[in-house]
Amino acid sequence: MKEPIGFIGLGNMGKPMATHLLNAGYPLTVFDTREEAVSALVDCGAKAAISAEATASEAETVIMSLPTPEIVKDVALGPSGIILGSKVKTLVDLSTIGPRAAQNLSARLAIKGINFVDSPVSGGISGAEKGTLAVMLSCPDQQITWLRNLLGNIGNVFHVGTEPGLGQSMKLANNLLSAAALAITSEAMVMGVKAGLDPHIMLEVINAGSGKNTATQDKFPKAILTRSFDRGFTNSLMHKDVELFLEEAQSLKVPTGVASAVQKLWQTACSEIGPGADFTTIVQCVENRAGVEVKGT
Ligand code: NAD
């Protein structure tokens, strides 16, 4: 019999990750503020809890996948928060919240004897559904084996450090690259299409050449040329990640000229296209100004 697990935050990422744990045989207690998200997991065999505190009173290990640092802090430490749970001993955070928030949370939870594990993930909804996420685990060496066993159900576990916050630093570096690739590919593709090139041919050439990146290999062919804009990651989440990167880099006195330009484009996307729109709609900010669309046939 596997150990009971609590899971909080059953959104685009949380739902498939929680489902993998259920399928692997972990008895799961789940909580989300959206009732429909909870019912979907209950239909698959999970038990529903009425709050984060109640979830943390059902299992020694609680996992969370929540949108922002503020929400994570409130769910962990606020009224009816995880910190008040009667059973919880370890809290594993899969959300992107930045190194400082992870360090602060870890210190606050340690006072209550709760072990905080910083472990953000990358790979999008498709990686979450396939169980192939890159899991950036930062924990002391003696905890690696059991956490690898648990988190191995959602992806490939990389032990990136022993202190809380290093998983977040790893994740912010990764997501800045993903954001920058999508932003700069949008400008390159719009220029090519306006000049008269076929976007399919452009992608074929780039992917056979030196300009290849995650946007040319994945986002442009699957979500932009098709105009489906459905990668399942919002403009507001990408904007948050780039902002967190800037905060961290600036506090470490690392130059951020390119990252600042990327952040500006995502700010424009949030105000012009919408914070809840898919992050691939960033191309529309460039298209609208150039007066062309990067559309497939
Ligand atoms: P999402 O908005 O789809 O899901 C978040 C879930 O949290 C929702 O179901 C929401 O109802 C729930 N929630 C919000 N406030 C809550 C509260 N107070 N108590 C309980 N539940 C609450 O977000 P997502 O895309 O699943 O992302 C989750 C985290 O994973 C974020 O930190 C994000 O940056 C990160 N992430 C996302 C992706 C992606 O491709 N979507 C990839 C890697 C990492």
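Above this text sits the structure in question.
Caption draft 1: Fine view of the nonpolar core. Formed by 36 residues in total, the largest nonpolar core has its most connected members in L182, M189, V190, F220, W266, V283 and V294. Those elements that place two or more of their residues in this core are helix 8 (166–195), helix 9 (199–208), helix 10 (214–224), helix 11 (235–251), helix 12 (257–272) and helix 13 (282–290). At 9 residues, the largest contribution of residues to this core is made by helix 8. Aside from chain neighbours lying at most four places away, what touches V283 is S186, V190, F220, I224, F229 and V294. Core analysis: the second largest hydrophobic core is formed by 31 residues, V30, A37, V92 and V135 among them.

Caption draft 2: Region of interest: the site of the ligand. With respect to spatial proximity, 25 residues lie near the ligand, and among them N12, M13, D32, R34 and L66 are the closest. Separating an oxygen atom of the ligand from a backbone N or O atom of N12 is a distance of 2.9 Å. One of the backbone nitrogen or oxygen atoms of M13 is found 2.8 Å away from an oxygen atom of the ligand. In isolation the ligand offers 830 Å² of accessible surface; the protein chains occlude 88% of this area. Mapped by element, the contributors of at least two residues to the shell around the ligand are helix 4 (69–77), helix 6 (124–130) and helix 11. Of the residues contributing to the shell around the ligand, the split by class is 12 nonpolar, 9 polar and 4 charged. The residue makeup of the shell around the ligand includes at least three contributed by each of domain 1 (5–163) and domain 2 (169–290).

What counts, and where the lines are drawn
- Residues numbered from 1 in each chain as written.
- Predicted model: local features only at pLDDT ≥ 70, side-chain atom pairs only at ≥ 80, totals over all residues.
- Heavy atoms only, no water.
- Core = buried A, V, L, I, M, F, W, Y, C linked by side-chain atoms within 4.5 Å.
- Buried < 20%, exposed > 50% of the residue type's maximum accessible area, 1.4 Å probe, protein only.
- Helix = DSSP H or I, 4+ residues; strand = E, 2+ residues; numbered from the N terminus.
- Contact = heavy atoms within 4.5 Å.
- Near = heavy atom within 4 Å.
- Polar contact = N/O pair within 3.5 Å; in protein donor to acceptor, adjacent residues only side chain to side chain.
- Areas by Shrake-Rupley, 256 points an atom, 1.4 Å probe, with all protein chains shown as cover.
- Nonpolar A, V, L, I, M, F, W, Y, C, P; charged D, E, K, R; others polar.
- Domains from an automatic or database assignment.

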